[in-house]
Amino acid sequence: MLKIKTLSSFIFTGLFTGLTIAASHAQAVKPEDPLLKIYRATPPKINDLVHTKLDVRFDYKKCYLYGKEWVTLKPHFYPTDSLRLDAKGMDLKNISVVKNGKYIPLKFKYDDSLTVAIHLDKVYTNNESYTIFIDYTSKPNQLKSKGSAAISDAKGLYFINPDSTEKGKPVQIWTQGETESSSAWFPTIDKSEQKTTDEISMTVPAKYVTLSNGRLASQKNNGDGTRTDTWKMDLPHSPYLFMMAVGDFKIYHDKWRDKEVNYYLEPKYAPYAKQIFGMTPELIEFYSKTLGVDFPWNKYSQIVVRDYVSGAMENTTATLHGEYVQETPRELLDANYDAGRSTIAHELFHQWFGDYVTCESWSNLTVNESFADFSEMLWAEHKYGKDEADAHSFSALQSYLNTPGANTKDLVRFHYVDKEDVFDVVTYQKGGRILNMLRNYLGDAAFFKGLNIYLKTNAFKNGEAQQLRLALEEASGLDLNWYFNQWYYGAGNPALNISYKWDDASKTETVYLQQTQDGQTFRLPMAIDIYANGKKERRKVWMNDKADTLSFQLASKPDLVNVDGDKVLLAAKTDDKTLDEFAFQYFNAPLYLDRFEAINAAAAHQSDKTAQKVMIAALRDKYYGLRIKAIKALNMSNDDIHNTALPVLTLLAQTDDNTLVRAAAITAIGKLKASGNITIFKQALSSQSYAVQGAALNAISLLEPAQALTLAKGFESDNKAALTQAIIAVYAANGNSEQWPYVYKTFNDANIQGKFSMIRNFGAMTGRVDKPEYAQQGISTLKELAIKYKQFGVAPFIAGLLTDIKAQRTKLNDNASAQAAADAFKQINDLK
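Residues numbered from 1 in each chain as written. Predicted model: local features only at pLDDT ≥ 70, side-chain atom pairs only at ≥ 80, totals over all residues. Heavy atoms only, no water.

**Examining the overall build of the protein chain**
- Scanning the protein chain from terminus to terminus reveals 28 helices and 29 strands.
- Radius of gyration (C-alpha) of the protein chain: 29 Å, near the 28 Å computed for a compact globule of 832 residues.
- For the C-alpha atoms alone, the extent of the protein chain along its principal axes is close to 90 × 70 × 55 Å.
- Taking all 832 residues of the protein chain together, the buried fraction comes to 58%. (Helix = DSSP H or I, 4+ residues; strand = E, 2+ residues; numbered from the N terminus. Rg over C-alpha atoms; globule rule 2.2 N^0.38 Å. Buried < 20%, exposed > 50% of the residue type's maximum accessible area, 1.4 Å probe, protein only.)

Below, the structure written as structure tokens:
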């Protein structure tokens, strides 16, 4: 499952200035909650799934699935005469045991409509298998379910625009199994510890394409406008990884070695399939070689669907993506290593960690999701370079550090309120950083050898953190109990203060390390790089106590002492370097975070000549992300900065090879509101990059609002992402009722992330539009958004927007809209 890397951070991270929204806000549980004291044991295995055969058809009008199932099982160890299957919200018409081709009805109880208890025809031993037949109807839209931080809904089976009433929206069916929602569309033992082969036959309108796990074994035209496709999965996998998708998709056929690789896209995006997913064969090859285990399945397909409830899902052999990965070449110009590209890497790695070896319970979800999170930086490092990987990793670290309450949760979590709670920044972002530290400690050869042992030992079975530890110990010959006890079975992270002292008389450099966090003391192996006399010397040290003092005898005062020279520590660091030392670090230390830290230090002291030198140099940094960081941090009200930086910004705005850098430079120049720059902005409007066009339109709006309004109108027929946001911003600042229908439609048609990218401007226009009926449309939309996504903590922010809207409508003497805003505010505040 995409890390979102939880859904909340996918939607909200970076979208609200000064506002942090995380799933933990909405799902916070008081420490004294008695539910937290419940030990979440791995479910006992009474019966084991062996094979699952499904024959399904769909009722698009009722949004039902009519299914017939033949499920083969055997007792795990102890003899049993009973079977309990998960079956959520179904009509169960017939349950029989199949004996010699005959169906013998069985007694069953289905009192809670969640699980069915079946009394078997006899006592079976674990050397006997038996097959149960079930005739059932799945009614997903009538199922009451709740999602999580990673998954916004949990009804298992989704009918998208089934009656074709939404113009321009395709008709689709797709499934989402994780965590335990496959049992909403077929009865099963819906636990990650179960593994089964499968065969799924889908009868669908003949005009549609289908996708499921494994190979397409047969297709049969039925002569009535329908076709039956049968998919067979010959290797065992967990029920939550079962999938189906039906719709109007175009298939691009690619390959890796002798295995098929396919991309399923909406027809209008089909021409760009290779540009969107074309890195997949190279990714498969890289992961196969890195892990020493070739891609274990018969094929790999990726499909993009509408209204998906998460980011993406690693169904075995058939990953399902949300529509945000579906981009045109113009959008891809601005993509870099964005959410779409990193998600493709993340989900593919799951085919090994999650599908090939699956977490034995949700308590050990880390052996699925931490690895997938880690794989994002692994691929970035290989394909795009170490700076890209380190930037991605640092962003993930900040997501964890900035999430309230995350430091109280263990990575392996045996105590939780709901299994969905484990899909959070601890399992994903923190877990990925824990693996990266372990990789650094062991070295690549031992680390990846350990992963190879883990995968081969547990192939097509289940794994947990202790098995990972044993595999890494076998590979490295080192005891790792201390590491796993600290990072996997403990909570929190070091808050590390670093300070320095040079004694010239004794030629001694002293480094003071202090951990200031509550809770456990962390053992921290680290590298310390000492720069002196034009050379770098590395010392490897351990911090074993809350406070540690390290002394180094040196020939002369060092130019820099760089603690955590590899920049891998999972810690909140406060580093007491001088500005001169940070400047030396920028120009001499090699890593992304070395330069990032130096830019931060310089940005806070831009009246200082040394800081100015760093800031101007950073505008030409080799990594585009740091060029953007420097541009955004410039204090252009400082004459020295302004005079030195402006020529560089002008050059970047016109010639940088990265479109996001050009856009950032245009935005910085635009804020100067200097009419002499208007030519730069107008030239930028002809760029193929939506980011560059959007920045240029915003810049023109600051100088010539009326012209910007006209230009925005001209872009209405072709805009995405940053350009869409710029149009909405221009209309919010300078438009009125004439522009409202476009703003309203654009906002409502946007995906979740798009809505929250433009919500401030949508709120602003709701406040100032001259027609009360339009204002009330906007108020109603904001209220509905707050209610729909309340679990992600958005309600307080939207309530704040409504307060501003009420004030604006009052000034306009629009009492009806002001009252509507007040009523909406109250409804949001009353949300439970």
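**Re helix α27 (residues 795-811)**
- The end-to-end C-alpha separation of α27 is 25 Å, in line with the 24 Å expected for 17 residues at 1.5 Å each.
- Within the span of α27, buried status applies to Ala 795, Phe 797, Ile 798, Ala 799, Leu 801, Leu 802, Ile 805 and Arg 809.
- If you follow the buried residues of α27, they end up packed against α24 (752-757), α25 (759-768), α26 (772-788) and α28 (815-829).
- Phi for Asn 813, located one or two positions after α27, is positive at around 60 degrees. (Expected span 1.5 Å × (residues − 1). Contact = heavy atoms within 4.5 Å.)

**A closer look at the pairing of strand β11 (residues 196-205)**
- Across the 10 residues of β11, 8 count as buried, placing the element largely inside the fold.
- Examined bridge by bridge, strand β1 (residues 47-59) and β11 share 7 bridges and lie parallel to one another. The partner of Lys 53 across the bridge, within β11, is Glu 199.
- Bridge analysis of β11 against strand β14 (residues 226-237) gives 9 bridges, and the strand direction is antiparallel. The residue bridging Val 204 from the neighbouring strand is Arg 227, located in β14. (Pairing = 2+ DSSP bridges.)

**Here we look at the nonpolar core**
- Counting 253 residues, the largest nonpolar core has Phe 58, Ile 132, Tyr 488, Leu 619, Leu 697 and Ile 798 as its most contacted members.
- Top element by residues in this core is helix α20 (residues 690-703). It accounts for 8 residues.
- With near-sequence residues (within four places) excluded, Leu 619 lies in contact with Arg 627, Ala 630, Ile 631, Leu 634, Ala 645, Val 648, Leu 649 and Leu 652. (Core = buried A, V, L, I, M, F, W, Y, C linked by side-chain atoms within 4.5 Å.)

**Quick notes on the sheet that holds strand β3 (residues 80-86)**
- The strand order across the open sheet built from 3 strands is β3-β7-β6, with neighbouring strands paired in antiparallel fashion. The two strands at the open ends of the sheet, each matched to only one other strand, are β3 and β6 (107-109). Ignoring which end each strand starts from, the neighbouring axes of this sheet average 25 degrees apart.
- Sheet topology places β6 next to strand β7 (residues 115-124); 3 bridges connect them, and they run antiparallel. Residue pairing for β7: Lys 109 is matched across the bridge by Ala 117. (Axes fitted to C-alpha atoms, helices over the stretch in contact; angles between N-to-C directions.)

**Some words on the side chain of Ser 370**
- Inspection of the secondary structure puts Ser 370 in helix α7 (residues 366-384).
- Overall, Ser 370 belongs to the buried group, its relative accessible area being 1%.
- Within the structure, Ser 370 has its side chain in polar contact with the side chain of Thr 366 (distance 2.8 Å). (Polar contact = N/O pair within 3.5 Å; in protein donor to acceptor, adjacent residues only side chain to side chain.)

**Description of α25**
- Inspection of α25 places Ile 759, Phe 762, Gly 763, Met 765, Thr 766 and Gly 767 among the buried residues, and these make up the whole buried set.
- Looking at the packing, one finds that the buried side of α25 touches α22 (721-734), α23 (740-749), α24, α26 and α27.

**Re the sheet that holds strand β19 (residues 312-313)**
- Ordered in space as β16-β17-β18-β20-β19, the 5 strands form an open sheet in which the pairing is mixed. Strand pairing shows two members of the sheet lacking a second neighbour, β16 (250-256) and β19, which therefore form its edges.
- Inspection of the sheet shows β16 paired to strand β17 (residues 259-265) by 7 bridges, in the antiparallel sense. Looking at β17, one finds that Asp 254 is bridged to Val 261.
- The sheet contacts of helix α4 (residues 280-291) involve β16, β17 and β18 (299-305), and relative to β16 the element is tilted by about 35 degrees.
- Packing against the sheet, helix α6 (residues 339-349) makes contact with β18, β19 and β20 (318-322), and its axis sits at approximately 150 degrees to β20.

**A look at the packing of aromatic side chains**
- Here the structure, examined in full by the defined rule, presents 55 aromatic pairs.
- Aromatic side chains Phe 58 and Phe 159 sit 6.3 Å apart centroid to centroid with 80 degrees between the ring planes, which places their arrangement in the edge-to-face category. Taken together, the residues Phe 58 in strand β1 and Phe 159 in strand β9 (residues 157-160) connect sequence positions 101 residues apart. The burial state of Phe 58 is the same as that of Phe 159; both residues are buried.
- A centroid spacing of 6.5 Å and a plane angle of 75 degrees characterise the contact between Tyr 269 and Tyr 272, whose relative ring orientation is edge-to-face.
- Assessed through its relative accessible area of 10%, Tyr 269 is described here as buried.
- By relative accessible area, which is 24% here, Tyr 272 ends up partly exposed. (Phe/Tyr/Trp six-rings, centres within 6.5 Å; stacked < 30°, edge-to-face > 60°.)

**Focus: unusual backbone geometry**
- Residue Glu 178 is joined to Thr 179 through a cis peptide bond whose omega torsion reads 5 degrees.
- Counting through the fold element by element, Thr 179 comes out in the loop between β10 (172-175) and β11.
- Even without being a glycine, Asp 307 presents a positive backbone phi close to 55 degrees.
- The topology assignment puts Asp 307 in the loop between β18 and β19.
- Classification of Asp 307 by relative accessible area gives partly exposed; the value is 36%.
- The backbone of Lys 673 sits at a positive phi, close to 55 degrees, despite the residue not being glycine.
- Relative to the helices and strands, Lys 673 resides in the loop between α18 (659-670) and α19 (678-684).

**Some remarks on the environment of Ala 750**
- Mapped onto the secondary structure, Ala 750 falls in the loop between α23 and α24.
- Owing to a relative accessible area of 17%, Ala 750 belongs among the buried residues under this scheme.
- C-alpha of Ala 750 to C-alpha of Tyr 158: the two residues are 592 residues apart in sequence and 20 Å apart in space.
- When sequence neighbours within four positions are dropped, the list of residues in contact with Ala 750 reads Lys 755 and Met 758.

**Overview of the packing of α7 against helix α8 (residues 386-401)**
- Interhelical geometry of α7 versus α8 gives an angle of 160 degrees and a closest axis separation of 6 Å. On the basis of the axis angle, α7 is roughly antiparallel to α8. The two elements α7 and α8 meet at a crossing, and its hand is right-handed. Residues Glu 376, Met 377, Ala 380, Glu 381 and Tyr 384 of α7 form the contact with α8, whose participating residues are Lys 386, Glu 388, Ala 389, His 392 and Ser 393.
- Grouping the amino acids of the contact of α7 with α8 by side-chain chemistry returns 4 nonpolar, 2 polar and 4 charged. (Parallel < 35°, antiparallel > 145°, perpendicular 65-115°, else oblique. Left-handed = near helix turned anticlockwise from the far one by under 90°. Nonpolar A, V, L, I, M, F, W, Y, C, P; charged D, E, K, R; others polar.)

**Side note on the pairing of strand β27 (residues 547-553)**
- The alternating pattern of β27 places Asp 548, Leu 550 and Phe 552 on a buried face, while none of Ala 547, Thr 549, Ser 551 and Gln 553, on the opposite face, is buried.
- Sheet topology places strand β24 (residues 508-515) next to β27; 7 bridges connect them, and they run antiparallel. Each bridged residue has a counterpart across the sheet, and for Tyr 512 the counterpart in β27 is Thr 549.

**Focus on the packing of α27 against α28**
- Between α27 and α28, whose axes approach to 8 Å, the crossing angle comes to 165 degrees. Between α27 and α28, the interaxial angle falls into the category roughly antiparallel. The interaxial crossing formed by α27 with α28 has left-handed handedness. Contact with α27, carried on its side by Ala 795, Ile 798, Ala 799, Leu 802, Thr 803, Ile 805, Lys 806, Arg 809 and Thr 810, involves Ser 817, Ala 818, Ala 821, Ala 822, Ala 824, Phe 825, Ile 828 and Asn 829 of α28 and no other residues of that element.
- Split by residue class, the contact of α27 with α28 holds 11 nonpolar, 4 polar and 2 charged.

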